[in-house]
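An overview of the molecular structure
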Amino acid sequence: MALINHFLHNHPLVLTKEAEINNEVVCTGCCNHLADPFYGCRDCKFYLHQSCAELPRGIQNFSHPCPLVLHILSYRCNACFKHGSGFSYYCQRCNFHMHVKCTQRPTMESGGEEVIHHFTHQHPLTLVDLKKDLEVRCAICVKLCSDSSDSYAYGCQGCNFFLHYSCMITIPRQINHFFHPSCPLTLLTDVPYKCKGCDEHGSGLAFRCGKCHFYLDVKCALLPTVESKGADKIQHYAHGHPLVLRESNEFGIKVQCRACGENCSGPCFGCERCSFFLHRQCAVRSLPETEIHHPFHPQHPLTLSALTPGRDRTNFRCRACGGNDDRFLLTYRCAKCDFNLHTVCATPKLKPLLLRYAGHSHFLMFFNRTRGPFSCSICGCYARNCFFRCVACGFNIHLSCFPSAPKTIKYKCHLHPLTLTESPLEFELNTPGDKYSSEDEFYCDVCEEKRYRFEPVYYCEECKFIAEIGCVMSELLPSLTTSPDDVTLHGGAISKDEENSAFETAIAEINNEIAALTVKKKPLEEEIERHRAILQALEEEIEPIKSRVEQLETDHLHYKYMLNLNRNENKHPN
């Protein structure tokens, strides 16, 4: 007795003769009547022609860029657009189906052939005579076929579907696009959609992300970029819709460039519905990188994005400086974690000051001004200016909370020593004792600028002289752990070579630990997957049992009711 195991059935399949089964039984794969030889599982009434049983589990087809896997489903074929049941080749990620027979059609070979197949259409395409006055447009570039310099064009007269030969051979099956950077987009045919670029409804060719239900029509997907000279409509990585070149006064509103923050005058690129505008020179010049990996958020890359006025503006908060001011219009963002950085905070012009603190494993960066306030992780009080942060961990520490911070310093621009003192001081308040509700303004005597009232200051009581910490940093640094040019892992001064060697050693140790943990993780993941498969099989096995129990309980109640009814009739005959 010949047996085979098939990946789409849980039981072995036995080689069966036609005479041994009911004539009404059909092949589960192709849904046609069975003929010798075929395989079957009588208990499950699962039968397959030998040719269907031998179909490969996975294939690669020119109609779709992803691998296709054999499944048993009811579906609508994305190649011929007819409904089907039984076997289909399926891409779960894109929700893409194909009949088995559609995967076996020939592909396009070369121009000049009378009839060819192309993945953009379900029917064969016939060579079109361009000398005739055909007012038909290419489904890809939307230009008249007769106006093109192409030697060839192909079409399906019944569907009014035509393509330039040059468009046929250059249209990509899958793209990565600025408008949807998180996932690739796959070209599908004859699908109803609403384009996320232009908001227009359509049916036909469209690039799609099945996971996110994101669609782009071909004209939006293949718009020229800013590098294309003379284009009056472009795609730009800083915005999710096409940008149209127009005079700024034609938009009917005040136009502000999202890159530089200045008002636009003259020609500019814009998306009027989002109030997103770029000077032509700002659109063309080198803007910040579209994607960065940043130590403030090491888990995921950050993508350059633009806030939508009136919608994102109130929710936006820069994780570095704490600001939500919308004048920083382009931002770096991790949408998954709702993590945002101003571009100026992500790429500071000056080399940052880093210090090591014994109570935290990472280096801390000095922030002279923020728009927080944040909370100091040591004393719990507000911290807005002149403090150190580990943005990735949310760890903040006042400079005055460092154990080595001096309580008294000698400042070169003042005669007397200055003492670390809580702020605000009583003599600064118009209403004594009312430091929280007072609307008084407080200033530093060194820079003569407004200071944050609740942060400690260095103070001379005799002269009533107040210096905020940022203005006397030069006096404080020698007392702290490190300076940017004299970094140490353990508190002592070392050379740059020694520092680099220490970093390389730390990286090697981390890599070794990652490798060891990965080895431990792999069998655990495999065990989890094995148990998931067992759980799924048990769930499938229990479903018919549960259904049968429910039916039996219903029958039980019904018969019990009838029994009681008959007994009552016997007790009380008419």
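Because the structure is predicted, anything quoted here is derived from the model rather than measured.

Definitions and limits used
Residues numbered from 1 in each chain as written. Predicted model: local features only at pLDDT ≥ 70, side-chain atom pairs only at ≥ 80, totals over all residues. Heavy atoms only, no water. Helix = DSSP H or I, 4+ residues; strand = E, 2+ residues; numbered from the N terminus. Buried < 20%, exposed > 50% of the residue type's maximum accessible area, 1.4 Å probe, protein only. Contact = heavy atoms within 4.5 Å. Areas by Shrake-Rupley, 256 points an atom, 1.4 Å probe, with all protein chains shown as cover. Core = buried A, V, L, I, M, F, W, Y, C linked by side-chain atoms within 4.5 Å. Phe/Tyr/Trp six-rings, centres within 6.5 Å; stacked < 30°, edge-to-face > 60°. Lys NZ or Arg CZ within 6 Å of the ring centre and 35° of its normal. pLDDT = per-residue confidence, 0-100. 1 Å grid on protein atoms, 1.4 Å probe; cavity = no way out; pocket = protein on both sides within 12 Å on 5 of 7 lines; lining within 4 Å. Points joined across faces, edges and corners; volume = space filled by probe spheres on them. Nonpolar A, V, L, I, M, F, W, Y, C, P; charged D, E, K, R; others polar. Pairing = 2+ DSSP bridges. Patch = residues over 30% accessible without salt bridge, like charges linked within 9 Å, V, L, I, M, F, W, Y side chains within 5 Å. Salt bridge = Lys/Arg side-chain N within 4 Å of Asp/Glu carboxyl O.

Overview of the overall build of the protein
A tally of helices and strands in the protein yields eight helices and 34 strands. Counting over 574 residues, the protein shows a buried share of 40%. The long-range share in the protein, meaning contacts at least 24 apart out of those at least 6 apart in sequence, stands at 46%. With an accessible surface of roughly 33,500 Å², the protein has 51% of that area assigned to carbon and sulfur atoms.

Some words on the nonpolar core
Residues Leu48, Leu125, Ile140, Phe207 and Leu216 are the most contacted members of the largest nonpolar core, which totals 67 residues. Per-element accounting of this core gives the leading share, six residues, to strand β16 (residues 180-194). Look past the residues within four positions of isoleucine 140 in its chain and what remains in contact with it is Leu163, Cys167, Met168, Ile171, Leu205, Val218 and Leu222. Core analysis: the next-biggest nonpolar cluster, separate from the first, contains 39 residues, Ala231, Cys264, Cys271 and Leu302 among them.

Remarks on the environment of cysteine 66
In this fold, cysteine 66 is placed in strand β6 (residues 64-72). Accessibility expressed as a relative area gives 9% for cysteine 66, which makes it buried. Between the alpha carbons of cysteine 66 and arginine 93 there is a distance of 8.6 Å; along the sequence they are 27 residues apart. Other than its neighbours up to four places away in sequence, cysteine 66 contacts Gln60, Cys91, Cys94 and Gln174.

Focus: the packing of aromatic side chains
Scanning the model with the defined rule gives twelve aromatic pairs in all. Seen from their ring centres, phenylalanine 296 and phenylalanine 367 are 6.5 Å apart, and the 35 degrees between their planes marks the pair as tilted. Placement of phenylalanine 296 in the loop between β23 (291-294) and β24 (297-306) and of phenylalanine 367 in strand β28 (residues 364-375) is noted, with a sequence separation of 71 residues between them. On the basis of an interplanar angle of 75 degrees and a centroid distance of 5.5 Å, the ring pair of tyrosine 357 and phenylalanine 402 is categorised as edge-to-face. Of this pair, tyrosine 357 sits in the loop between β27 (354-355) and β28 while phenylalanine 402 sits in the loop between β30 (395-398) and β31 (408-409), and the two are 45 residues apart along the sequence. Like tyrosine 357, the residue phenylalanine 402 is buried in the burial classification. Chaining the aromatic ring pairs together yields one cluster made of Tyr357, Phe366, Phe388, Phe395 and Phe402. Residue placement shows arginine 389 over the ring face of phenylalanine 374; its charged tip is 3.9 Å from the ring centre.

A few points about the confidence of the model for the protein
Summing up the model confidence of the protein, the mean pLDDT is 80 and the portion of residues at 70 or higher is 86%. Confidence drops under a pLDDT of 50 for residues 108-112, and excluding neighbours within four residues, the segment shows 14 contacts in the predicted structure.

What to know about empty space enclosed by the protein
Summed over all chains, the structure comprises three cavities of 30 Å³ or more. The residue inventory of the lining of the largest cavity, partitioned by class, reads six nonpolar, three polar and three charged. Here the second largest cavity is characterised by a volume of approximately 70 Å³. Looking at the second largest cavity, it is lined by twelve residues, and the ones nearest its centre are Ser63, Asn78, Ala79, Phe119 and Thr189. Of all the elements, β16 adds the most residues to the lining of the second largest cavity, at three residues. Here the lining of the second largest cavity is composed, by residue class, of five nonpolar, six polar and one charged.

Some details on the pairing of strand β4 (residues 46-49)
Side chains of β4 alternate between two faces, with Phe46 and Leu48 and Tyr47 and His49 buried alike. By the bridge criterion, four bridges tie strand β3 (residues 38-41) to β4 in an arrangement that is antiparallel. Looking at the pairing, phenylalanine 38 lines up with histidine 49 of β4. Counting the residues that bridge the hairpin from β3 to β4 gives four residues, and of these lysine 45 lies at a positive phi of roughly 55 degrees.

Points about a nonpolar patch on the surface
A contiguous nonpolar patch, built from Ile542, Ile545 and Val549 and spanning about 240 Å² of accessible area, is present on the exposed surface. Turning to its location among the elements, isoleucine 545 is positioned in helix α8 (residues 496-571). Overall, isoleucine 545 belongs to the partly exposed group, its relative accessible area being 48%.

Some remarks on the pattern of salt bridges
All chains considered together, the criterion is met by eleven salt bridges. Of the charged contacts, one joins aspartate 217 and lysine 219 as a salt bridge, the two residues approaching to 2.9 Å between their closest N and O atoms. The residue glutamate 527 makes a salt bridge to arginine 530 at a minimum N-O spacing of 2.8 Å. Of the two residues, glutamate 527 and arginine 530 are both situated in helix α8; the distance of three residues between them amounts to about one turn of the helix. When its relative accessible area of 35% is taken as the criterion, glutamate 527 is described as partly exposed. The network of salt bridges with common partners includes Glu200, Asp217 and Lys219.

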